[in-house]
Amino acid sequence: MTTANDVLSALQSAFPGTVEEAKIGPERQLWATIKPDKIVDVCKYLRDNHNFDHYSGAAGVDRIDEGLFEVTELLASHGAHQVVALLKVKTPRDSPSVKSLTGLYWNANWYEREIWEMLGINFEGHPELYPLLLSDELMGVWPWRKDYKGYPDYTTAERAIEMVTSEGYTEYSIPPTEAEIKAGAVPAERPKYPSFREREEMEIKGESEMILHMGPQHAVVPGPFLLDILVDGERVKKAFLDVGYIHKGIEKIMENRTYMQGIPITDRLCYMASLTNNEAYCGAVERLLGIEAPERAQYIRMILEELSRIQSHLLGTGEFLTLIGSAVFSPFLYMIIDREDVLSCIESVTGARINHSFVRFGGVRNDLPDGFKDMTLDVLKMVRQKTEEYKELFLSDSIYRKRMEGVGVLSQSEARRLGVSGPPLRASDTPYDMRRDDPYLLYKDMDFEVITRKEGDSKARVEVRLDEIFESCYIIEQCLDQIPSGPIMADKVPKRIKPDPGEAYYRVEDHRGEMGFFVVSDGSDKPAKVKARGPVYAYFQALPPLLEGVYIADVVAIAGSMDACTSEVDR
Amino acid sequence: MGISDVIPLPVAVDKELEKWTIWGRPLTDVWFTTTEKIHEIIDMGPIKNVLNWGRKNSLWFLMQPMGCCGVEMLVFGCPHYDCDRFGIFPRATPRQVDVMIISGYITRKYLPAIKNLWEQIPEPKWVMAIGECAISGGPFYDSYNIINDTSKFFPIDVFVPGCPPRPEKFIEGFRQLQEKIKQREDKRGY
Amino acid sequence: MVLSAITEFAAQEPKLYAFIIGLVGAAILASVINVAAMAVVWLERKVMGDLQGRYGPNRVGGRWGILQLGADAVKLFTKEDVIPRGADKPVYVWAPIVASATTMLVAGAMPFGAVIIDGKEIPLVVANMDISAFYVEAALSIMAISAFMAGWSSNNKYSMLGAFRGIARMIAYEVPMGICVISVAIMAHSLNLVEIVQAQDIWFAIAQPLGFVIFAIALITDLGRMPFDQTEAEEEIIAGYNTEYSGIRFGLLYFQEYNVMLLGSILLVLLYLGGWNGPVIPVISFISPMIWFFMKVLIVLVALIWVRVSLLRFRIDQVTDLGWKILLPLSMVNLAWAVVVGLYFA
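Residues numbered from 1 in each chain as written. Chains lettered and ligands numbered in written order. Predicted model: local features only at pLDDT ≥ 70, side-chain atom pairs only at ≥ 80, totals over all residues.

**Brief notes about the overall build of chain C**
The test is simple: Helix and strand assignments come from DSSP, with helices taken as H or I runs of at least 4 residues and strands as E runs of at least 2, each series counted from the N terminus. Labels follow a simple rule on C-beta atoms placed from the backbone: if 20 or more others lie within 10 Å of a residue's own, it is buried; if 12 or fewer, it is exposed; otherwise it is partly exposed. The contact rule is simple: place each C-beta atom from the backbone, and if two of them lie within 7 Å, those residues are in contact.
In terms of regular secondary structure, chain C is built from 13 helices and two strands. Overall size of chain C, expressed as C-alpha extent along the three principal axes, is 60 × 55 × 45 Å. Classification of the 346 residues of chain C by burial places 48% in the buried group. Taking as baseline every contact in chain C between residues at least 6 positions apart, the subset at least 24 positions apart corresponds to 76%.

**Structural notes on the interface of chain A and chain C**
Where interface size is quoted, it is often the accessible area lost as the parts come together. The line we're drawing: Residue classes follow a fixed rule: Ala, Val, Leu, Ile, Met, Phe, Trp, Tyr, Cys and Pro count as nonpolar, while Asp, Glu, Lys and Arg count as charged, and any other residue, Gly among them, counts as polar.
Of the residues lining the interface, 26 residues belong to chain A; the matching set on chain C comes to 20 residues. Counting residues per element, the ones that place at least two in the side of chain A that touches chain C are strand 10 (209-214), helix 10 (295-324), helix 11 (330-350), helix 13 (398-404) and helix 19 (552-561) of chain A. Here the residues of the side of chain A that touches chain C are counted per class, giving 18 nonpolar, four polar and four charged.

**Some details on the sheet that holds strand 2 (residues 29-34) of chain A**
Residue and element names in this part refer to chain A. Put simply, the test is: If DSSP finds at least two bridges between two strands, the strands pair. Only C-alpha atoms enter the line fits that serve as axes; for helices the fit covers just the stretch in contact. Angles between N-to-C directions range over 0 to 180 degrees.
Within the open sheet, the five strands sit side by side as 1-2-5-4-3. Their pairing is mixed. What marks the edges here is a single partner per strand, and that holds for strand 1 (19-25) and strand 3 (54-63). For this sheet, the mean inter-axis angle between neighbouring strands, taken without regard to orientation, is 20 degrees. Where strand 3 meets strand 4 (residues 68-76), nine bridges bridge the pair, whose relative direction is antiparallel. The residue of strand 4 that forms the bridge with V61 is E70. Packed on one face of the sheet, helix 2 (residues 39-50) meets strand 2, strand 4 and strand 5 (84-92) and runs near 170 degrees to strand 5.

**Some thoughts on helix 7 (residues 157-188) of chain C**
Inclusion rule: Helix span, expected: 1.5 Å multiplied by one less than the number of residues in the helix. Fitting axes to the seven residues that end at a residue and to the seven that start at it, the angle between those axes gives the bend at that residue.
An ideal rise of 1.5 Å per residue puts 46 Å on 32 residues; helix 7 of chain C measures up with 46 Å between its terminal C-alpha atoms. At C:Y173, helix 7 of chain C shows its largest bend, some 30 degrees, and a proline, C:P176, comes one to four positions later.

**Remarks on the pairing of strand 4 of chain A**
All names here are of chain A. Counting buried positions along strand 4 yields eight of nine residues, so the element is predominantly enclosed. From the end of strand 3 to the start of strand 4, which pair antiparallel, there are four residues, and G67 there has a positive phi angle of about 75 degrees. As defined by bridge partners, strand 4 adjoins strand 5 across eight bridges and the pair is classed as antiparallel. Bridge pairing links L68 to P92 in strand 5.

**Observations concerning the sheet that holds strand 10 of chain A**
Hydrogen bonding along the main chain pairs the strands of a sheet, whether they run parallel or antiparallel. Residues and elements named next belong to chain A. On the basis of which strands lie adjacent, the open sheet formed by three strands has the order 10-11-12 and antiparallel pairing. Here the strands that pair on one side only, and so sit at the sheet edges, are strand 10 and strand 12 (235-242). The sheet shows a mean angle of 25 degrees between the axes of neighbouring strands, taken without regard to direction. Across seven bridges, the pairing between strand 11 (residues 226-232) and strand 12 is antiparallel. From the neighbouring strand, V231 faces strand 12, where its bridge partner is V236.

**A word on helix 8 (residues 167-182) of chain B**
All names here are of chain B. Which entries qualify depends on this criterion: It is the directions from the helix axis to the C-beta atoms whose arc is reported.
The terminal C-alpha atoms of helix 8, which comprises 16 residues, lie 23 Å apart, in line with the 22 Å expected from a rise of 1.5 Å per residue. Among the residues of helix 8, those classed as buried are P167, F170, G173, F174, L177, Q178 and I181. End-on, the buried residues of helix 8 take up no more than an arc of 140 degrees, which puts them together on one face. Those residues of helix 8 that are buried lie in contact with helix 4 (46-57), helix 5 (68-76), strand 6 (126-130) and strand 7 (156-160).

**What to know about the nonpolar core**
We apply this condition: Connectivity within a nonpolar core runs through C-beta atoms within 7 Å, and the core itself is a set of buried Ala, Val, Leu, Ile, Met, Phe, Trp, Tyr and Cys residues.
In terms of nonpolar packing, the biggest core is built from 298 residues, with A:A85, A:A284 and B:M128 touching the most fellow members. No other element matches the 16 residues that helix 11 (residues 248-272) of chain C contributes to this core. Contact partners of A:A284, with chain neighbours within four places excluded, come to A:A504, A:Y505, A:Y506, A:F517 and A:V519.

**Topic: the environment of C:A127**
All names here are of chain C. Among the structural elements, A127 can be located in the loop between strand 2 (120-123) and helix 5 (132-140). Its 14 C-beta neighbours within 10 Å are what place A127 among the partly exposed residues. Separated by 101 residues in the primary sequence, A127 and A26 have C-alpha atoms spaced 10.0 Å apart. Discounting chain neighbours no more than four positions away, the residues touching A127 are G108 and A109.

**A word on the interface of chain A and chain B**
Across the boundary between the two partners, chain A contributes 42 residues, which contact 41 residues of chain B. Mapped by element, the contributors of at least two residues to the side of chain A that touches chain B are helix 4 (156-159), strand 9 (170-173), helix 8 (262-267) and helix 11 of chain A. Per-element tally for the side of chain A that touches chain B: the top contributor is helix 11 of chain A, with four residues. Counted by class, the side of chain A that touches chain B contains 24 nonpolar, 11 polar and seven charged residues.

**Here we look at unusual backbone geometry**
Residues and elements named next belong to chain B. In this structure, the amide linkage connecting E123 to the following residue, P124, adopts the cis form with an omega of -10 degrees. Residue position: P124 is located in the loop between helix 6 (111-120) and strand 6. Residue C163 is joined to P164 through a cis peptide bond whose omega torsion reads -10 degrees. Counting through the fold element by element, P164 comes out in the loop between strand 7 and helix 8.

**What to know about the environment of C:S285**
All names here are of chain C. With respect to the secondary-structure elements, S285 resides in the loop between helix 11 and helix 12 (288-310). Residue S285 is classed as partly exposed on the basis of its 13 C-beta neighbours within 10 Å. Residues S285 and F228, 57 residues apart in the sequence, show an inter-C-alpha distance of 41 Å.

**Notes on the domain arrangement of chain C**
All names here are of chain C. Defined as follows: For each domain, the first and last residues come from an automatic or database assignment.
You can read the domains of chain C as domain 1 (1-78) and domain 2 (83-344). Computed from C-alpha atoms alone, the centre-to-centre distance between domain 1 and domain 2 is 20 Å. Across the contact, 18 residues belong to domain 1 and 19 residues belong to domain 2. Counting only elements with at least two residues in the side of domain 1 that touches domain 2, the list comes to helix 2 (14-51) and helix 3 (68-77). The dominant element in the side of domain 1 that touches domain 2, judged by the number of residues it contributes, is helix 2, at 14 residues.

Here it is as structure tokens:
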């Protein structure tokens, strides 16, 4: 089994003088600073020789005191070993420019686009540096820099100017804030690039082709995003995706709240998975502080996260059924009824239905109430029985099989190249699960299976989710048997959280895949940078290639089988 | 235009008629139109009450989950908190709805889209703002991308606070809207 | 006194009398049919709610929510009238009118039951035509034309897609439906719906089981119900052909869909399930056939709603596959069966 030390020594021998600083972090993490001109070669070497074939993401940090930008590339492996390589590249603040990794990893595309539009770092060799999340008005102001004058902004609504275009549509223009104008930070020349509509229209070639907007307002998929498909009759030729309609700027907001105040904000990252988001953030900060939660707290966290996984899979599968059936399709409503029972179990502990804010640094907020074990075991028995019925329903329903088999197939190599993770990756025959490959909490003591399927079509993805409900039930029962009594908060948690300067990266198995939080602290009581790497970002990036050549009716089916949650993409 | 256009009479007759008044109003003025009279009769009382009874008992809303409160909106139409009991029904196209529910954060990029959706809804129409983010920006009130004050752009009738509010609160919000329609106190003045 | 004046008028000018009676009957029929459509919508919302574990409307008009549809109708009547820019105005305005006219045309030729007076069964039908089975089945397909008109004229990509899907569906399923009607007529030796019912000593559903199944599937497709409602698939093409309709025009299109559902189920009962035949109930023998008829139609309606709630939706190419490759050959087989069996047992 390769360890971080092996990788480091191999790297140092292959590229002498390139590795500037290196550190072996806890839990098999390799932190290294690489010279900027050698980053592509180093990544290629790691990918070819040491199986680092999973590009997790990239984070850009603004070190304004040192006059530098840092870009950290996160590399991991799809099961060959458990090492995570975090390679840092420094570039001066006046003319920031980093070499792009899109030649090596296909899914580096959107991560680098986002860092460009938020921080202004130019990526050399990137095929399409266009805005992703921001509207055209905010281009060129680089909102996530530390000296951005347009934050905090309390007057957006007052400054808005309403205009009516020549076709009768209403448009708004919001001029810069007073702070920006006073500081003279308004760029006179905005960068010029073709807008989203223009880029689409360049692709229309034939007379019978038209662009169909599955516009921001969707009937059932939660969260607005714009999916334009170029259709010829009933077949799709190309798909375009525009996100950013609910971009709140969470990472910038979290830099201006204390660590404790940031916990409710991470809830709202993906509202159906708020407990795992909390867990990822608190785990990263616990690494910075060097504390660990006591055993009882870890068991409580595991129980609640698995319960949350059950309810999220029920809702996700139900929504998918409405997308291929209709909103009045009964099994969707039966799944909602079951989900309500699971939610009431969670609510008896945390007190809320959706945004819990339950996990704290060093423990959890509340203890389990009396009678929780009996209530939960009853609910789990009912969930098991109902899920058996749903599986049987799908196996025996011939319309369902006709709509789902062979639709949206992701082969194993394709799924790995596109960078998806979670149930879609496991449905394409890759057993990659954070609970097994990067164990956190007490999952290494639990006995469970990682569910995989071979076919990789939409039916396999739904089956993986339904089977995971059974595994979650089993894990919860084991936890309820083994849970010890004891404290729920660690002893030495400081009242004012001020970690020492450093960085931490923590990964959890979110309901939709691999979620990671990258937290940088500079010694004050507010973080210097928080980066949330969500799984649905990769799904959306992988959607346009998947949708080529299918029918219109299959577009919603494929998008639904991926179980999207737009809030996590836009953050 | 005058009577000399209809019957062959000299134009001087027209000029003379324009000077006459009766009950303080010039004789040749437009006294009332049929449409105005119909509106006045309807506004008087009983007919308007019947119309408002019909409108308040069958409010159809736009399926538009935007943020965290959107998940609660999906659940709102489902068995435990059934909204079909009150005649409330979700539709997918803005042409066939009466109520638009703002259930989440409005950002700069989405504001023109939602305003165009609002303008496509035929009258009579109402807006409900659900959740803190729709009312005042919520926990992201100081972000560069969030619209803080949605009531500047839409005439919001009912605000439902909470982050997110429970689906029972949605029902209460709709009941308040029904009361407002019945008492004719809604913002658009129907 | 009035009665004698009317009989005198009937004797003196028979043609004018028949014309006036026809007009009065048509007016009564039009209003009754639309009220029946409202009742079908109410039934659907209630039954759907029961099958999904919730109540349907139960606030408006008492515990059963009877006046819910009245509130819907009042609201739709007083909505703003919107005609989209660029829409084909005459076609846009006429599409809902064509839909309503179709249902009137169909309802005119259908018998709605019978009453027993002095031991003789008198069928209740407005226009007793000799070819009424064929006429009804052909007139039902004009609904698809109105859907196409609505979709085409709206100047909207979603509506156009819905309209094209509707036409593809109609073309694929008209042929099996027509062949099944002809098979029934062969066995009954007549195309008159009243005589078809009177010829059913054993139900045609038992004598031609294959035809029953094919006709039922083709009927569900023709009505545009699940699992064949691609023309108004809510998640893909927003609302299909009625995306741009609002107010009273939408109300007309929406109610006519349920109207046609009622008439289609009546057709199924008349052709295959024995119409109003049934043992005479002793005490209320006056309307005993009506009660049987009503019960059968109710069962067929509930079955249609049940199918809607339990099945997923096909893709449009799978729908046309089913129509051309499976239903059409099977209906030919059914025709042969009807000829052989009909001749043998004649």
